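This is what each chain is made of:
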Amino acid sequence: MIEGLGERPGGRLPPSPVGLEPMAHDRQPPEDTWANAKEFSEGRFQAKSGAANAGPAMTFSLIARCTKTGRFGMVISSSSPAVAARCAHVRAGVGVVASQNITDPALGPLVLEALAAGGDAAGALAGVLQGRAHVEYRQLLALGATGAPAIHSGAQVLGIWGQAVGVDCAAGGNLLANARVPQAMVEAFKRAVGPFGDRLIAALRAGREAGGEAGPVHSAGLKIADRLDWPYADLRCDWVDEGCPIEAVARAWAVYAPQADAYVQRATDPTVAPSYGVPGDE
């Protein structure tokens, strides 16, 4: 279901996570954020002083867990470079967090720590954000090993924004072409069949096809945690001038997925791992 829409000033805003003051959601985003989104989409946006050559970074993402495998994962795409390097956070057996919109990368690990300590997603978000400066600029999505997802979208989230929650998944975005992009991602993840990574890619493509961002995307990523301390998959396209970074990541997953278990086996017991399949190791 759609948890919150930021389609226009005056639109319905979502409640804060449990335990947070309502300050992040009890007022409308400033008028200039809506103007900036329109100006950016029309090529008229100019960065304010101190941010030369930088427009607002547009982002849409989905976080999810797989009840069959216990894996956690997320997909994300943005107009900014290397979005997955800053915004994607997963931990085996613990959860997944997306930290976006004027991103503070430190928030992802902090929320994962709160989840690891036994909190649910809403409580983990509330505990990390309580009393912290600048939370009104952040958009965070969190999902733990049990319970429902939770989302925080502050009052300063940029442009047209939206968020949606589904079974074992949640999606959110900012500076979108329309506020229903996250709901399209949730629905696509629910409909998709096959391996967990395939379903994540389907959701990311659905976000693009539903309108995506107000401008072009330049980077994308997929990140999955399984049972080890390091990611089962961590695939990124950090920048493209031409073409689609989402399709670049989809292609990388198509190549990597059939080999992923072999890479795990090489790490855990190379004595029984398959050959590398490269010249010199036939």
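Residues numbered from 1 in each chain as written. Predicted model: local features only at pLDDT ≥ 70, side-chain atom pairs only at ≥ 80, totals over all residues. Heavy atoms only, no water.

**Here we look at the nonpolar core**
Turning to step 1, where the next piece is worked out: One finds L62, L200, L222 and W253 to be the most contacted residues of the largest nonpolar core, which totals 36 residues.
Turning to step 2, where the next piece is worked out: Looking at which element gives the most residues to this core, the answer is helix α7 (residues 245-268), with seven residues.
Turning to step 3, where the next piece is worked out: Setting aside residues up to four positions removed in sequence, L62 forms contacts with G73, M74, V75, C169, A170, A171, M185, V186, F189, L200 and A203.
Turning to step 4, where the next piece is worked out: Of all hydrophobic cores here, the second largest spans 17 residues; its members include F72, C87, V90 and L141. (Core = buried A, V, L, I, M, F, W, Y, C linked by side-chain atoms within 4.5 Å. Buried < 20%, exposed > 50% of the residue type's maximum accessible area, 1.4 Å probe, protein only. Helix = DSSP H or I, 4+ residues; strand = E, 2+ residues; numbered from the N terminus. Contact = heavy atoms within 4.5 Å.)

**A word on the packing of aromatic side chains**
Turning to step 1, where the next piece is worked out: Throughout the structure, instances matching the rule amount to two aromatic pairs.
Turning to step 2, where the next piece is worked out: Ring geometry for F189 and F196: centres 6.2 Å apart, planes at 80°, overall edge-to-face.
Turning to step 3, where the next piece is worked out: On the accessibility criterion, F189 (2% relative accessible area) is buried.
Turning to step 4, where the next piece is worked out: Ring centres of Y256 and Y263 lie 5.5 Å apart, and the angle between their planes is 5°; on these two criteria the pair is classed as stacked.
Turning to step 5, where the next piece is worked out: Overall, Y263 belongs to the partly exposed group, its relative accessible area being 35%.
Turning to step 6, where the next piece is worked out: R71 extends its terminal NZ or CZ atom over the ring of Y232, reaching a point 4.0 Å from the ring centre.
Turning to step 7, where the next piece is worked out: Over the ring of Y263 we find R266, and its NZ or CZ is 4.9 Å from the ring centre. (Phe/Tyr/Trp six-rings, centres within 6.5 Å; stacked < 30°, edge-to-face > 60°. Lys NZ or Arg CZ within 6 Å of the ring centre and 35° of its normal.)

**Focus on the packing of helix α5 (residues 181-191) against helix α6 (residues 196-209)**
Turning to step 1, where the next piece is worked out: Relative to each other, α5 and α6 sit at 150°, their axes nearing to 8 Å. For the element pair α5 / α6, the angle class is roughly antiparallel. The way α5 lies across α6 gives a crossing that is right-handed. When α5 is examined against α6, the residues V181, A184, M185, A188, F189 and K190 are found in contact with a partner set consisting of F196, R199, L200, A202, A203, L204, A206 and G207. (Axes fitted to C-alpha atoms, helices over the stretch in contact; angles between N-to-C directions. Parallel < 35°, antiparallel > 145°, perpendicular 65-115°, else oblique. Left-handed = near helix turned anticlockwise from the far one by under 90°.)

**Let's talk about the confidence of the model for the protein chain**
Turning to step 1, where the next piece is worked out: The predicted model of the protein chain averages 84 in pLDDT, with 79% of residues at 70 or higher.
Turning to step 2, where the next piece is worked out: Segment residues 6-54: pLDDT under 50, and 91 contacts once partners within four positions in sequence are set aside and those in other chains are kept. (pLDDT = per-residue confidence, 0-100.)

**A closer look at helix α3 (residues 107-116)**
Turning to step 1, where the next piece is worked out: Every buried residue belonging to α3 is among L107, G108, V111, L112 and L115, and all of these are buried. Seen along its axis, α3 keeps its buried residues to an arc of 135°; they face one direction.
Turning to step 2, where the next piece is worked out: In the core, the buried residues of α3 are packed alongside β4 (88-91), β5 (95-100), α4 (121-129) and β6 (139-144). (Arc of directions from axis to C-beta.)

**Concerning α7**
Turning to step 1, where the next piece is worked out: At Q259, α7 shows its largest kink, close to 50°.
Turning to step 2, where the next piece is worked out: In this structure, the buried side of α7 is in contact with β2 (59-65), β3 (72-78), α6, β10 (219-225) and β11 (233-237). (Bend = angle between axes of the 7 residues up to and from the residue.)

**Focus: the pairing of β2**
Turning to step 1, where the next piece is worked out: With seven of seven residues buried, β2 lies mostly within the body of the structure.
Turning to step 2, where the next piece is worked out: Residues of β2 alternate between two faces, with T59, S61, I63 and R65 on one and F60, L62 and A64 on the opposite face, all of them buried.
Turning to step 3, where the next piece is worked out: Note that β2 and β3 share seven bridges and pair antiparallel. Of the residues in β3, the one forming a bridge with I63 is M74.
Turning to step 4, where the next piece is worked out: What sits between the antiparallel neighbours β2 and β3 is a turn of six residues, in which G70 has the positive phi angle 80°.
Turning to step 5, where the next piece is worked out: Two strands pair when backbone bridges link them, and β2 and strand β9 (residues 169-174) are joined in this way by six bridges, in the antiparallel orientation. What sits directly across from S61, in β9, is G172. (Pairing = 2+ DSSP bridges.)

**With respect to the pairing of β11**
The side chains of a regular strand alternate between both faces of the sheet.
Turning to step 1, where the next piece is worked out: Residues A233, L235 and C237 line the buried face of β11, whereas the alternating positions D234 and R236 sit on a face that is not buried.
Turning to step 2, where the next piece is worked out: Pairing geometry for β10 and β11, over five bridges, is antiparallel. Directly across from I224, in β11, lies its bridge partner A233.

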